[in-house]
Amino acid sequence: MSRDSFFRPHVDRMAGYVPGEQPRDTGVLKLNTNENPYPPSPRAFEAIAATLDDRLRRYPDPMGTAFRQAAARRHGVDPEMILAGNGSDDLLTIITRAFVGPGDLLVYPSPSYILYRTLAELQDARVAEVPFGSDWSLDPASFALPGTKLAFVANPNSPSGTTLTPEQVARLAERLDCPLVVDEAYADFASSDCVSLVASHPNVIVTRTFSKGYSLAGLRLGYLIARPELIAGLVKVKDSYNCDSLSLAGALAALEDRDYLAQTRGKILATRRRLTEAVRAFGYQVPESQANFVWCTGGPPAAEVYEALKAQKILVRLMRYPGHADGLRITVGTDAEIDRLLEALGPIVAASKFS
Ligand SMILES: *Cc1c(COP(=O)(O)O)cnc(C)c1O
């Protein structure tokens with residue numbers, strides 16, 4: 001072999017996205033990747049079971065028509081405005097491949113979802129990371145950089161859990177001469193969303209997932225809402241069969257079980273309140289979260305606390321963003337899980353240099 005690597009140079013240079021730890025040890029309390037602590041809707045199980053027959057012999061519906069119609073009904077839009085994906089990460093990949101080429105500029109705020117950089121790097125694109133203000137706002141004039149080909153905003157944002165209002169997102173969209181993806185992975189826990197902007201702003205694409213609000217991270221299904229012209233172009237980029245029959249059936253049933261979503265959401269919001277107040281009492285600064293996690297900075301040293309919790313089989317996410325102090329992103333679990341976390345945290349914080 002005469003070459004050092006068979007890969008294209010920009011792929012060689014990339015570090016690759018590192019997902020949160022997914023330990024196989026069942027004794028671990030997992031509060032690190034924002035999974036929902038409650039089981040999925042029983043209707044999702046029934047729908048998947050009802051799909052387990054001879055039809056698995058055949059390819060799935062390439063457009064997931066039945067799912068598409070259900071999502072369209074749910075949001076009051078035309079089915080032509082819905083596109084399903086193998087998780088919302090699949091949709092973010094399709095979007096980036098569709099709009100961004102080598103040397104093009106992709107913009108997103110910082111700190112935010114780390115995958116956006118990876119998607120840009122895969123295209124050999126340039127990135128501009130625009131810092132949030134100290135109150136987690138975003139200045140439209142600094143964000144809408146000339147020549148941008150694609151912009152991402154996670155709303156609610158990860159790791160902060162904060163949101164821009166639909167009016168603020170509209171100001172960003174108006175300034176941009178390219179698609180603006182509003183990544184609403186956590187919208188099921190928020191008090192507002194940006195779906196209505198798709199009608200008023202032709203460059204807005206809203207993405208949703210079943211991984212967080214619907215407790216179906218293992219199933220891999222997401223969807224996006226956008227103008228039909230955008231959907232038609234994105235369809236050319238996606239794999240023909242990017243969603244399997246079981247995921248489409250399970251997600252459709254979960255989507256239609258509105259009462260179940262409201263119940264689990266209500267529990268998570270109540271626990272989020274309690275967790276927020278408890279970690280603040282330990283000395284952390286915690287912005288009001290609109291998601292199913294809280295972002296803790298400025299208190300007892302994050303790396304030390306992360307390790308001490310891990311030693312007790314409690315996994316939270318230690319996040320390190322260049323130019324920012326380390327922080328802990330803690331998923332809202334059940335009340336019993338959060339009790340276990342807080343019981344462990346007490347002595348750890350007391351023993352840390354901080355106190
Ligand atoms: C979890 C998450 C996603 C990915 O969702 P999947 O549907 O599981 O791929 C996308 N964006 C953000 C900000 C997330 O936190």
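Reading guide: rules and limits
- Residues numbered from 1 in each chain as written.
- Predicted model: local features only at pLDDT ≥ 70, side-chain atom pairs only at ≥ 80, totals over all residues.
- Heavy atoms only, no water.
- Axes fitted to C-alpha atoms, helices over the stretch in contact; angles between N-to-C directions.
- Helix = DSSP H or I, 4+ residues; strand = E, 2+ residues; numbered from the N terminus.
- Parallel < 35°, antiparallel > 145°, perpendicular 65-115°, else oblique.
- Left-handed = near helix turned anticlockwise from the far one by under 90°.
- Contact = heavy atoms within 4.5 Å.
- Nonpolar A, V, L, I, M, F, W, Y, C, P; charged D, E, K, R; others polar.
- Pairing = 2+ DSSP bridges.
- Buried < 20%, exposed > 50% of the residue type's maximum accessible area, 1.4 Å probe, protein only.
- UniProt positions renumbered as here; feature names shortened; annotations may be inferred.
- Phe/Tyr/Trp six-rings, centres within 6.5 Å; stacked < 30°, edge-to-face > 60°.

Visitor: Break down the packing of helix 2 (residues 42–51) against helix 10 (residues 245–256) for me, with residues and values.
Guide: Contact geometry of helix 2 with helix 10 gives a least axis separation of 8 Å together with a crossing angle of 150°. Here helix 2 is positioned roughly antiparallel relative to helix 10, judged by the angle of their axes. When the axes of helix 2 and helix 10 are compared, the crossing they make is right-handed. For the pair helix 2 and helix 10, the contacting residues are R43, A44, A47, I48 and T51 in the first and S245, L246, A249, G250, A253, A254 and E256 in the second. For the contact of helix 2 with helix 10, the residue count by class is seven nonpolar, three polar and two charged.

Visitor: Residues and numbers for the sheet that holds strand 11 (residues 327–331), please.
Guide: Strand order in the open sheet formed by four strands is 1-10-11-9, with mixed pairing between adjacent strands. Each end of this open sheet is capped by a strand with a single partner; those strands are strand 1 (29–31) and strand 9 (293–296). Direction aside, neighbouring strands of the sheet carry axes that sit 30° apart on average. Note that strand 9 and strand 11 share four bridges and pair antiparallel. By the bridge assignment for strand 11, W295 is matched with R329. Against the sheet, helix 11 (residues 258–281) engages strand 9 and strand 11, with an angle of about 15° to strand 9. Sitting on the sheet, helix 13 (residues 335–351) is in contact with strand 1, strand 10 (314–319) and strand 11, with an inclination near 95° to strand 1.

Visitor: Describe the environment of E121, listing the residues and the values that go with them.
Guide: Relative to the assigned elements, E121 resides in helix 5 (residues 115–122). Overall, E121 belongs to the partly exposed group, its relative accessible area being 24%. Taking C-alpha positions, E121 is 9.3 Å from A15, a pair spaced 106 residues apart along the chain. Those residues within four positions of E121 in sequence are excluded, and the remaining contacts are H10, M14 and A15.

Visitor: Tell me about the sheet that holds strand 6 (residues 180–183), residues and numbers included.
Guide: Here seven strands make up an open sheet; going across it, the order is 2-8-7-6-5-3-4 and the pairing mixed. Of all strands in the sheet, those with a lone pairing partner are strand 2 (82–85) and strand 4 (126–131), marking the two edges. Adjacent strand axes in the sheet meet at a mean angle of 20° when their direction is disregarded. Looking at chain direction, strand 7 (residues 204–209) and strand 8 (residues 222–225) are connected through four bridges and run antiparallel. Bridge pairing in strand 8 links V206 to I225. Sheet strands in contact with helix 7 (residues 166–175) are strand 5 (148–154), strand 6 and strand 7, and its direction is about 155° off that of strand 6.

Visitor: Quick rundown of the UniProt feature "modified residue: N6-(pyridoxal phosphate)lysine" (unreviewed entry) in the chain? Include the residues and the values.
Guide: According to UniProt, the positions carrying the feature "modified residue: N6-(pyridoxal phosphate)lysine" (unreviewed entry) are K212. Looking at the secondary structure, you find K212 in the loop between strand 7 and strand 8. The class for K212 is buried, based on a relative accessible area of 15%.

Visitor: Can you break down the packing of aromatic side chains residue by residue, with the values?
Guide: In the structure shown here, the tally under the stated rule is 12 aromatic pairs. Their ring planes at 15° and their centres at 4.2 Å tell us that Y59 and Y241 sit as a pair that is stacked. Taken together, the residues span a long stretch of sequence, with Y59 in the loop between helix 2 and helix 3 (65–75) and Y241 in the loop between helix 9 (228–237) and helix 10 at a distance of 182 residues. For Y59, a relative accessible area of 65% translates into the label exposed. The exposure class assigned to Y241 is partly exposed, which follows from its relative accessible area of 39%. Ring centres of Y113 and Y116 lie 5.4 Å apart, and the angle between their planes is 90°; this geometry places the pair in the edge-to-face category. In terms of burial, Y113 and Y116 fall into one category: buried.

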